[in-house]
Amino acid sequence: MAAKKRTRRAAASSSMAALLIGLCCFSSSSSPLAPMVDAADPKRFLGTNNHKFWSLRGGSLVDTATKINFDDNLGSLSLYGVGVRKKGPIKVYSVGMYSDESAKSSTASLPKNKSALTTLRKSLKSSKTTSFLLKMNFKVGAEKMADAIAESVDPRTTDKGAVESLKKLIMDGVSAKGAATPGTILQFDCLSDGSVKVSVDGKAVGSASGLSQPFCDVFLDDNGVSPAFRESVVENCCGVASSLSSSSATSTSSSSHNPIHIIGSLFYHKLKLPKLPYKYNALQPIISEKTLRAHHLKHNAKYIETVNQIVGESGASLKHLSMEQIVKSKTLKESNPVLYNNAAQCWNHLFFFRCMSGSGGGGEPTGLLAKTIRRDFGSFDNLRKEMESSSIKAFGSGWTWLGYDKKEKKLVVSTMTGTGNPLIEGIIPILVIDMWEHAYYLDYQDNRKEYINGFFDRLVNWKYAQQNLKHAMGKGIVPETVHHVSHHGLPLVAALFSANLAKKTAVHMLFQQS
C-alpha cells in the first residue's frame with residue numbers, strides 16, 4: 001500500500017512539473033491581472049500580453065514587457081518591427097529589427113498579410129545590412145545563450161561549421177562580461193556578403209560566414225520565433241505607402257511631427273463571455289440557478305457586447321487596450337465613461353465569479369491570508385464585520401473589495417459604487433462581493449445581510465483569494481508562475497519545486513517557435 005502511494009505521489013509530482021513547464025511555454029488567461037497602458041503617455045506600456053508585441057507607427061516602437069524603446073533608426077537603417085520574447089511569466093529579451101529603406105519600400109504597397117513576409121525576405125537579400133538588436137531582461141549564461149541561438153540557426157543551414165563559429169562568437173562575447181545580464185545588448189548584423197557580425201554592448205566580437213539568411217529566418221520564416229513578431233513587422237512595413245509618401249513630402253525627420261497611431265488591427269480579438277468555473281446550480285442554495293444564469297448570461301453578456309461594439313466602432317484608437325488597462329485609466333473614465341463602465345463590469349464580474357467556489361467554499365481562510373488578516377484587522381471576525389457593514393450601508397449598487405495596498409503593504413476594505421474597481425487607485429484586488437441587485441435580489445429581495453452571510457459561510461473561495469494575495473505580495477521563487485499554476489488547481493509546493501526547472505527549460509526555447 002505504501003509503495004503504491006509513493007508511486008502515485010511521484011506520478012503526480014511529475015505531472016505537476018510537466019504542466020508547470022507547459023504553462024511557462026504558453027500564455028495563460030487565468031490571471032485576473034492584465035497589461036496596463038499609461039493613459040497620460042500612450043507610447044509607454046507597462047506589462048505585456050504573452051507573445052504579443054504592441055507597436056506604434058510615427059514614433060519609436062516600444063517593447064511592452066521591459067519598457068525599452070527602440071529608436072526609429074540604427075545608423076542609416078530603419079526600424080521594421082519590435083517584440084518581446086516571453087516564456088510564460090519570464091520576460092527574457094526584447095528584439096528590434098532594422099534594415100535599409102529599399103526593402104521596406106518593396107512591401108509598402110502590399111496588404112497586411114502573411115504572404116507579404118515572403119516578399120520582404122527576398123528583398124532583404126539585396127539589403128546591405130539587416131540588424132537584430134536583442135536587449136536582455138533576464139539573466140542568461142554565456143553558454144546557454146550561445147546554445148539557444150545556435151540550436152535555432154542550425155536547422156536552417158547545412159553549414160554546421162558556420163553554426164559552431166557563431167556559437168563560439170556569442171559565447172566569447174557574453175563571457176567577457178560574465179553573462180547576458182538585464183540591459184545587455186546583443187547585435188547581429190546580417191550582411192550582404194552572407195556573414196553575420198556579432199557585437200555585445202557595442203563591442204564587435206567577430207563574424208560567422210554564410211549565416212545571414214538563416215539568421216534572418218529565425219525571426220521571419222513560418223517557423224520563426226514568434227508569429228506576433230512577424231505581425232509587428234508586417235504592420236509597420238505593409239500598407240503604408242500613402243503615409244510614407246505624405247510624410248516624406250512634409251518632413252525629413254523620422255517621427256517627431258507625425259501623430260502617434262496605435263496599431264491594434266492584428267492583435268485585437270472580440271471579447272467572449274467567459275465560462276463559469278462551476279455549473280449554474282453549483283452555488284445553490286445561496287445563489288439560485290435562476291439568479292446565476294441571469295447574472296452571467298444576461299448582465300455579464302451585455303457588458304461584453306457593449307464593449308465589443310464600442311471598440312469595434314473606434315477604429316484602431318482603442319483596440320490595443322485590455323480590460324485592465326481601461327479599468328486603471330482615470331483619463332478614459334472621464335473621457336469615455338460608457339466604455340469605462342462596461343469594461344470595468346466585464347473585469348469585475350470575471351473576478352467575482354472566481355471569488356466563489358462550487359464546492360468547499362466558505363468558512364475561514366488559512367495560511368498567509370489568515371496571518372495577514374490578523375495582522376491588519378486583528379481577527380477574521382473583524383474583517384468579516386467590516387466587509388458586511390460596508391456592504392449593507394452602501395448606497396445603491398456597487399462592489400465591496402478586499403484589496404492589497406502595495407504602498408502601505410497592508411490589506412484594505414473599500415466599497416465602491418457603480419462600476420468602481422480599486423485598481424484605479426493602485427490597490428490590487430484580493431476578493432470582492434457584488435452588491436448590484438441583479439446578484440442577489442431574485443433570491444433575497446432587499447435582505448443584503450442574508451446574502452452576505454451566505455457568501456462568507458458557504459461560497460467564498462479562499463484559495464483564490466490567497467493566491468491573489470501571494471501574487472500581490474510577490475511571494476514565491478517565481479511569483480507569476482506560482483500565480484498561474486495556482487489558478488489551475490496545483491499545490492503551491494509543486495509550483496515552488498518546479499519553478500527553477502521551468503526557468504531552465506524556458507532558456508532552451510528562447511529562439512524556437514512560440
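Notes on the structure follow. All of these numbers come straight from a predicted model, not from anything done at the bench.

**Examining the packing of helix H3 (residues 116-124) against helix H6 (residues 212-220)**
Here's step 1: Following both chains from N to C, one finds H3 and H6 inclined at 155 degrees, their axes separated by 11 Å at the closest point. The angle between the axes of H3 and H6 places the two elements in the roughly antiparallel class. The way H3 lies across H6 gives a crossing that is right-handed. Contact residues: H3 offers Leu117, Arg121 and Leu124, while H6 offers Gln213, Asp217 and Leu220.

**A short note on the pairing of strand E14 (residues 203-208)**
Here's step 1: In the sheet, strand E13 (residues 196-200) pairs with E14 via five bridges, with the strands oriented antiparallel. Across the sheet, valine 196 pairs through a bridge with alanine 208, a residue of E14.
Here's step 2: Counting the residues that bridge the hairpin from E13 to E14 gives two residues, and of these aspartate 201 lies at a positive phi of roughly 55 degrees.

**Some words on the nonpolar core**
Here's step 1: Grouped together as the largest cluster of nonpolar side chains are 64 residues, with contacts concentrated most on Met356, Leu402, Leu411, Tyr451 and Phe455.
Here's step 2: When near neighbours in sequence (up to four residues on either side) are disregarded, tyrosine 451 contacts Ile287, Phe352, Ile433, Asp434, Met435, Ala439, Tyr440 and Tyr444.
Here's step 3: Counting residues in each nonpolar core, the second largest holds 46 residues, with Val92, Met97, Ala146 and Val163 among its members.

**Structural notes on the sheet that holds strand E17 (residues 410-417)**
One key point about sheets: their strands pair by backbone hydrogen bonds, in either a parallel or an antiparallel sense.
Here's step 1: Pairing is antiparallel in the open sheet, where three strands are placed in the order E17-E16-E18. Bordering the open sheet on either side are E17 and strand E18 (427-434), each of which pairs with just one other strand. Each adjacent strand pair in this sheet contributes to an overall mean axis angle of 25 degrees, direction not counted.
Here's step 2: In this structure, strand E16 (residues 398-405) lies alongside E18, joined through seven bridges in antiparallel fashion. Within E18, the residue paired with tryptophan 399 across the bridge is aspartate 434.
Here's step 3: Helix-sheet contacts for helix H12 (residues 337-354) involve E16 and E18, and the interaxial angle to E18 is about 75 degrees.

**Considering helix H5 (residues 160-175)**
In an α-helix, one turn spans 3.6 residues, which is why side chains three or four residues apart end up on the same side.
Here's step 1: With 16 residues, H5 extends 22 Å between its outermost C-alpha atoms, agreeing within 8% with the 22 Å of an ideal straight helix rising 1.5 Å per residue.
Here's step 2: Turning to H5, its buried residues number three or more, namely Ala162, Val163, Leu166, Leu169, Ile170, Gly173 and Val174. Buried residues of H5, seen end-on, are gathered within an arc of 120 degrees and therefore sit on one face of the element.

**Topic: the pairing of E17**
Here's step 1: Judged from the eight bridges that link them, E16 and E17 form a sheet pairing that is antiparallel. Residue pairing in the sheet places tryptophan 399 in a bridge with methionine 416 of E17.
Here's step 2: Taking the residues between adjacent antiparallel strands as the criterion, E16 and E17 are bridged by four residues, where lysine 409 takes a positive phi near 55 degrees.

**Details of the pattern of salt bridges**
Here's step 1: In the structure shown here, the tally under the stated rule is twelve salt bridges.
Here's step 2: Notably, a salt bridge pairs aspartate 154 with lysine 160, separated by 3.3 Å at the nearest N-O pair.
Here's step 3: For lysine 160, a relative accessible area of 42% corresponds to the partly exposed category.
Here's step 4: Ionic pairing is found between glutamate 425 and lysine 330, a salt bridge with its closest N-O pair at 3.9 Å. Here glutamate 425, found in the loop between E17 and E18, pairs with lysine 330, found in helix H11 (residues 330-335); they are 95 residues apart in sequence, far enough to count as distant.

**Comments concerning the packing of helix H4 (residues 142-153) against H5**
Here's step 1: The N-to-C vectors of H4 and H5 enclose an angle of 155 degrees; their axes lie 8 Å apart at closest approach. Taken as axis vectors, H4 and H5 run roughly antiparallel relative to one another. The crossing of H4 and H5 is right-handed. Touching Ala142, Glu143, Met145, Ala146, Asp147, Ile149, Ala150 and Val153 of H4 are Val163, Leu166, Lys167, Ile170, Met171, Val174 and Ser175, all from H5.
Here's step 2: Across the contact of H4 with H5, the residue classes break down as eleven nonpolar, one polar and three charged.

**Looking at the environment of cysteine 355**
Here's step 1: Positionally, cysteine 355 belongs in the loop between H12 and helix H13 (367-377).
Here's step 2: Relative accessible area serves as the criterion here: at 0%, cysteine 355 is assigned to the buried category.
Here's step 3: A sequence separation of 110 residues divides cysteine 355 from alanine 465, and the C-alpha atoms of the two residues are 6.9 Å apart.
Here's step 4: Leaving out residues up to four positions away in the same chain, cysteine 355 has contacts with Leu431, Val432, Phe455, Leu459, Val460, Asn461 and Tyr464.

**A short note on H13**
Here's step 1: Buried within H13 are the following residues: Leu369, Ala370, Thr372, Ile373 and Phe377. One side of H13 holds all its buried residues, which, seen down the axis, span an arc of 165 degrees.
Here's step 2: Packing partners of the buried residues in H13 comprise helix H14 (380-393), E16, E17 and helix H17 (462-473).
Here's step 3: Just downstream of H13, glycine 378 is the residue with a positive phi angle, here 95 degrees.

Conventions and cut-offs
- Residues numbered from 1 in each chain as written.
- Predicted model: local features only at pLDDT ≥ 70, side-chain atom pairs only at ≥ 80, totals over all residues.
- Heavy atoms only, no water.
- Axes fitted to C-alpha atoms, helices over the stretch in contact; angles between N-to-C directions.
- Helix = DSSP H or I, 4+ residues; strand = E, 2+ residues; numbered from the N terminus.
- Parallel < 35°, antiparallel > 145°, perpendicular 65-115°, else oblique.
- Left-handed = near helix turned anticlockwise from the far one by under 90°.
- Contact = heavy atoms within 4.5 Å.
- Pairing = 2+ DSSP bridges.
- Core = buried A, V, L, I, M, F, W, Y, C linked by side-chain atoms within 4.5 Å.
- Buried < 20%, exposed > 50% of the residue type's maximum accessible area, 1.4 Å probe, protein only.
- Expected span 1.5 Å × (residues − 1).
- Arc of directions from axis to C-beta.
- Salt bridge = Lys/Arg side-chain N within 4 Å of Asp/Glu carboxyl O.
- Nonpolar A, V, L, I, M, F, W, Y, C, P; charged D, E, K, R; others polar.

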